[in-house]
Amino acid sequence: MRQLYRMYNCGGASLRSLSVCSVPKQNKYVYRKYLESRDPDQVLAAQLYLAQNHALHVIPVPPTDETPSLPEGVDNRTIRYLWDGRYVCDYDENPTDEEEVEQVVIKYMDEYYEDREQDHRNGMDDSRTWLWEDESLLDGEDEEDEDEYELRTQWEYFSEDQEDTKEEVVVDKHINEQVLNDEDKLLIFTTGRQTFLPHQIGIKLMTRVRFKQHLDVNKDIKQFIREGEERREEERRRLQNQREIEVPPYHNYGEVMHMFDIVDVVFDFQGYILGYGISGDSRYMYVNMHPWPRGYPIQQIFDPPPAGDQPEVVVIDLAKMKVVGRSEPRQRIFCPADSFQQSPVQVTHQHVLTSAGNSGLLLDRHYGEEVCRLEHEDISTCTGNPHFLNHVVTGGEDGVIKVWS
């Protein structure tokens with residue numbers, strides 16, 4: 001086991017849901033543009049921004065216009081002791097705590113469709129044989145001849161002859177050391193600064209990470225353990241002779257940021273992140289989150305805000321580092337912050353799979369429409385074959401695995 005990075009723990013949230021993906025081939029974002037600039041003023045401005053925001057670039061993801069606010073005094077503790085542990089915002093207008101299941105619909109920006117079509121034309125999408133055509137062009141035509149209609153209609157699918165490329169550890173001749181990745185990678189994780197629950201997605205550029213493939217391990221395990229105990233005992237005796245021990249001011253990131261690795265980009269959500277998934281071409285990231293009430297005052301990190309009951313899906317373009325799509329559910333009911341379970345997200349070429357409430361959720365990735373919901377009590381995961389989605393598997397806290405055809 002080797003330590004690669006040291007990250008600053010902002011709000012007791014630590015780092016969760018770590019994943020590594022390639023930098024998109026279509027990348028247009030310039031990492032560390034100002035920090036590595038030749039202009040000293042730009043470098044100073046970048047360092048001051050880093051000291052204040054704990055990252056080189058913080059991208060806020062504000063709540064939607066449909067997100068309501070809560071009356072003063074309504075917090076997690078108040079909601080927890082209400083009937084059924086839920087707060088209904090419009091109870092005076094609609095006196096019921098039963099909420100209709102609202103379908104998830106992702107509204108994409110126009111540039112999302114333009115970029116996906118351009119990536120296909122340039123052979124840079126997540127499938128070399130991806131076929132796509134707007135079926136609305138065929139509206140009104142005679143579909144009686146099924147063979148002809150099938151030829152004129154192009155569908156999306158994966159190629160079965162794709163080869164998996166295994167990346168090997170290489171040697172960087174400039175530093176004369178082994179490196180883990182010859183090509184740049186992205187380290188993605190969830191964290192938080194305002195609360196201990198994850199509400200941010202951090203992204204760090206991994207450029208030629210130094211990593212020894214073969215470690216020098218002492219074959220005598222007892223001697224190795226004995227030497228470690230001796231070093232710790234020597235350090236303990238050294239500290240005992242000191243009257244005052246200098247502890248770094250870890251509460252002030254600006255004074256200790258030189259001790260930690262830099263986070264390049266942070267997406268700051270106004271809500272809890274339950275899971276995320278990345279497309280096969282490493283370009284698009286789909287985030288499953290539950291939003292906070294609008295304008296909710298956060299007093300301390302261990303007293304987080306309540307969250308809306310309806311899941312919201314946000315789509316991020318990792319090549320441009322911007323939000324290119326999101327669903328806008330109507331949040332009528334709010335629940336305590338600790339009542340939500342993690343919901344992993346899987347992204348295939350055609351679909352997005354995750355969970356919502358007590359059911360698995362299957363979305364059409366291109367049109368953003370909800371395909372179906374798979375009922376499963378206390379669901380914890382929903383996944384399927386990324387190449388041929390004829391079966392979907394759901395698993396829950398009840399210990400049951402269901403296979404859906």
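Procedures and definitions
Residues numbered from 1 in each chain as written. Predicted model: local features only at pLDDT ≥ 70, side-chain atom pairs only at ≥ 80, totals over all residues. Heavy atoms only, no water. Core = buried A, V, L, I, M, F, W, Y, C linked by side-chain atoms within 4.5 Å. Buried < 20%, exposed > 50% of the residue type's maximum accessible area, 1.4 Å probe, protein only. Helix = DSSP H or I, 4+ residues; strand = E, 2+ residues; numbered from the N terminus. Contact = heavy atoms within 4.5 Å. Patch = residues over 30% accessible without salt bridge, like charges linked within 9 Å, V, L, I, M, F, W, Y side chains within 5 Å. Areas by Shrake-Rupley, 256 points an atom, 1.4 Å probe, with all protein chains shown as cover. Salt bridge = Lys/Arg side-chain N within 4 Å of Asp/Glu carboxyl O. Pairing = 2+ DSSP bridges. Lys, Arg positive; Asp, Glu negative; His and termini not counted. Charge placed at Lys NZ, Arg CZ, Asp CG, Glu CD. Phe/Tyr/Trp six-rings, centres within 6.5 Å; stacked < 30°, edge-to-face > 60°. Lys NZ or Arg CZ within 6 Å of the ring centre and 35° of its normal. Polar contact = N/O pair within 3.5 Å; in protein donor to acceptor, adjacent residues only side chain to side chain.

A. Structural context of the nonpolar core. By size, the foremost hydrophobic cluster in this structure holds 24 residues, and its most contacted members are I188, F267 and F269. Where this core is concerned, the elements lending two or more residues are β2 (57-61), β7 (185-191), β8 (200-206), β9 (265-269), β10 (271-278), β11 (284-291) and β13 (312-317). The contact partners of I188, leaving out residues within four places of it in the chain, are S17, L18, S19, C21, I201, G202, I203, Y276, I278, M285 and L318. Core analysis: the next-biggest nonpolar cluster, separate from the first, contains 15 residues, I106, V315, V345 and A356 among them.

B. Geometry of a nonpolar patch on the surface. There is a patch of nonpolar side chains on the surface, built from I221, F224 and I225 and spanning about 300 Å² of accessible area. Turning to its location among the elements, I225 is positioned in helix α5 (residues 221-240). Given the relative accessible area of 43%, I225 is considered partly exposed.

C. Representation of the pattern of salt bridges. Under the definition given, this model contains 16 salt bridges. Between D84 and R86 there is a salt bridge, with its nearest N and O atoms 3.6 Å apart. R86 gets classed as partly exposed once you look at its relative accessible area, which sits at 22%. Of the charged contacts, one joins R236 and E233 as a salt bridge, the two residues approaching to 2.3 Å between their closest N and O atoms. With R236 and E233 both in helix α5 and three residues apart, the pair spans about one turn of that helix. Residue classification places R236 among the partly exposed positions, given a relative accessible area of 40%. Each of E111, D115, D119, R283, D317, K320 and K322 takes part in one network of salt bridges that share partners.

D. Up close: the environment of V23. Structurally, V23 is set in the loop between β1 (16-22) and α1 (40-53). Taking the C-alpha atoms as reference points, V23 and E183, separated by 160 residues in sequence, lie 8.3 Å from one another.

E. Quick peek at the pairing of β10. Taken across its eight residues, β10 has eight buried, putting it largely inside the fold. Here seven bridges tie β10 to β11, and the two strands are oriented antiparallel to one another. Of the residues in β11, the one forming a bridge with I273 is M289. Hairpin remark: β10 followed by β11, antiparallel, with five residues in the connecting loop; positive phi at S282, about 60°.

F. Local environment of a negative patch on the surface. There is a patch of like negative charges on the surface, built from E375, E377, D378, E397 and D398. Following the sequence through the fold, D398 ends up in the loop between β21 (392-396) and β22 (401-404). For D398, a relative accessible area of 40% corresponds to the partly exposed category.

G. Geometry of the packing of aromatic side chains. With the rule as written, the count across this model stands at 10 aromatic pairs. On the numbers, 5.6 Å between centres and 80° between planes, the contact of Y108 with Y113 is edge-to-face. Ring geometry for Y112 against Y113: centres 5.4 Å apart, planes inclined by 75°, an arrangement best described as edge-to-face. Aromatic ring contacts, followed pair by pair, group Y8, Y250, Y253 and F260 into a single cluster. Cation over ring: R6 sits above F260, and NZ or CZ is 5.4 Å from the ring centre.

H. How the structure looks around the side chain of N288. The topology assignment puts N288 in strand β11. Of note is the side chain of N288, whose polar atom sits 3.2 Å from the backbone oxygen of S355.

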